[in-house]
Amino acid sequence: MKLILLTGAAGGVAQMIRPLLREHYRLRLSDRQPIADLPLGDESVPADLGDMAAVGRAVAGVDGIVHLGGFSLESDWETIRAANIDGAYNLFEAARVAGVRRIVFASSNHAVGYYPRSQTIPADTTVRPDTRYGLSKAFGEALGSLYADKYGAEVLSVRIGHIGLRPKSIRDLAIWLSPNDFVQLIRIGLETPGLRHEIVYGMSDNARAWWDNANARRLGYRPVDRAEDHAAGVLAADAGPSGDPRDDLNQGGMFCVAEAMQMPNREKGETVD
Ligand code: 15L
């Protein structure tokens, strides 16, 4: 089995996919702190993404990387720059130096969040970030492109919609990505022969989608989960429009309005789901 490094491995998304990835790969888990209750068979190599030497130790000897690490909401520039700009650069550069070519980069829908929901956009559209966070994800995609073209890296950037066990809002009905379908995309990124840099949308089989995921289909992606199966419950529970057209009409939703957001507090049991 290949050894795969998962950054951001203590985060909510990583916790949803770790058991599914373990069916296919040996895992090296990396986050700023050592992983609590490290599962038998997994490795743990803690690394602050701002520390190039530590990132170098984390990537040494792996067959591929799934880069979930960084700050996953809007914040001030210092926070975004340290975690997502410097952090992504350090990750790609450390991988190049260590000879690790395969990288799945967890990008985000917020790289294109200012497109209106009335428009269906393909993967090769011009970026329209809705936040400093979205801007950092567009930067990460561009890093993938540079490292593929210049250094022969093999990179899949997944513009993730909203990952959770089920969709919870009307917006989620368009952009939901189940953990199971995310793992299918990760496996495409880690296994597809001859990959250079590709961008795909990280969404399940969603009837209300506003993204054209033809590039993912071309690479073999066949999502199995459908947001529409949950639509009746979601529509009954939804609180309705916020009243702010930037939030209601743009794909990025509240990110188009927000200046800062709180990360879920895991010690209080808060999750991203
Ligand atoms: C993201 O990129 C965030 O990391 C996640 O927490 C969600 O807010 C998601 O986007 C979303 O757009 O719902």
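Since the model is a prediction, treat every value here as computed from it, not as a measurement.

Procedures and definitions
Residues numbered from 1 in each chain as written. Predicted model: local features only at pLDDT ≥ 70, side-chain atom pairs only at ≥ 80, totals over all residues. Heavy atoms only, no water. Phe/Tyr/Trp six-rings, centres within 6.5 Å; stacked < 30°, edge-to-face > 60°. Helix = DSSP H or I, 4+ residues; strand = E, 2+ residues; numbered from the N terminus. Buried < 20%, exposed > 50% of the residue type's maximum accessible area, 1.4 Å probe, protein only. Expected span 1.5 Å × (residues − 1). Polar contact = N/O pair within 3.5 Å; in protein donor to acceptor, adjacent residues only side chain to side chain. Contact = heavy atoms within 4.5 Å. Patch = residues over 30% accessible without salt bridge, like charges linked within 9 Å, V, L, I, M, F, W, Y side chains within 5 Å. Areas by Shrake-Rupley, 256 points an atom, 1.4 Å probe, with all protein chains shown as cover. Salt bridge = Lys/Arg side-chain N within 4 Å of Asp/Glu carboxyl O. Pairing = 2+ DSSP bridges. Axes fitted to C-alpha atoms, helices over the stretch in contact; angles between N-to-C directions. Near = heavy atom within 4 Å.

Glancing now at the packing of aromatic side chains. Taken as a whole and assessed by the stated rule, the structure comprises 5 aromatic pairs. Both rings, one in Phe92 and one in Tyr147, keep their centres 5.7 Å apart while their planes meet at 55°; by these two values the pair is tilted. In this pair, Phe92 sits in helix 3 (residues 77-98) while Tyr147 sits in helix 4 (residues 132-151), placing the two residues 55 residues apart along the sequence. Here Tyr147 falls in the buried class, since its relative accessible area comes to 4%.

Our focus in this paragraph is helix 6 (residues 179-191). The terminal C-alpha atoms of helix 6 lie 18 Å apart, and with 13 residues this matches the ideal 18 Å at 1.5 Å per residue to within 8%. Residues of helix 6 that are buried include every one of Pro179, Asp181, Phe182, Val183, Leu185, Ile186, Ile188, Gly189 and Leu190, and no others.

So, on to the side chain of Asp42. Here Asp42 lies in the loop between strand 2 (26-30) and strand 3 (43-44). At a separation of 2.7 Å, a polar atom in the side chain of Asp42 contacts the side chain of Arg22. If sequence neighbours within four positions are ignored, Asp42 has contacts with Arg22, Leu27 and Leu29.

Looking now at a nonpolar patch on the surface. On the surface, a nonpolar cluster with roughly 240 Å² of combined accessible area is contributed by Met52, Tyr89 and Phe139. Positionally, Tyr89 belongs in helix 3.

Strands sit in the order 3-2-1-4-5-6-9 across an open sheet of 7 strands; the sheet is parallel. For this open sheet the edge positions go to strand 3 and strand 9 (197-202), each flanked by a neighbour on one side alone. In this sheet, strand 9 lies alongside strand 6 (residues 154-160) in parallel orientation, the contact comprising 6 bridges. Within strand 9, the residue paired with Ser157 across the bridge is Ile199. Where helix 1 (residues 12-21) meets the sheet, it contacts strand 1 (3-7) and strand 2, and its direction lies at approximately 170° from that of strand 1. Strands strand 1, strand 2 and strand 4 (64-67) of the sheet are contacted by helix 2 (residues 52-59), whose axis makes an angle of about 170° with strand 2.

Take the site of the ligand next. As a matter of local geometry, the ligand sits amid Ser72, Leu73, Ser108, Asn109, His110, Tyr133, Gly161, His162, Arg171 and Phe255. Here an oxygen atom of the ligand and a backbone polar atom of Ser72 are 2.6 Å apart.

What follows deals with the pattern of salt bridges. The tally for this structure, following the rule as stated, stands at 16 salt bridges. Between Glu191 and Lys2 there is a salt bridge; the shortest N-O distance is 2.8 Å. Within this pair, whereas Glu191 is found in helix 6, its partner Lys2 is found in the segment before strand 1, the two being separated by 189 residues in sequence. A relative accessible area of 34% places Glu191 in the partly exposed class. By relative accessible area, which is 33% here, Lys2 ends up partly exposed. Put simply, Glu198 and Arg218 hold a salt bridge, and the shortest N to O gap is 3.1 Å. Here Glu198, found in strand 9, pairs with Arg218, found in helix 7 (residues 214-218); they are 20 residues apart in sequence, far enough to count as distant. With relative accessibility at 54%, the residue Arg218 sits in the exposed group. Connected through salt bridges with shared partners, the residues Glu74, Arg132 and Glu259 form a single ionic network.

Consecutive side chains along a regular strand alternate between the two faces of the sheet. Burial of strand 4 is two-sided: the residues Gly64 and Val66 facing one way and the residues Ile65 and His67 facing the other way are all buried. Sheet topology note: the strand 1/strand 4 ladder contains 4 bridges and is parallel. Bridge assignment links Leu6 to a residue of strand 4, and that residue is Val66. Examined bridge by bridge, strand 4 and strand 5 (residues 102-108) share 3 bridges and lie parallel to one another. Each residue of the ladder has a partner; that of Ile65, found in strand 5, is Ile103.

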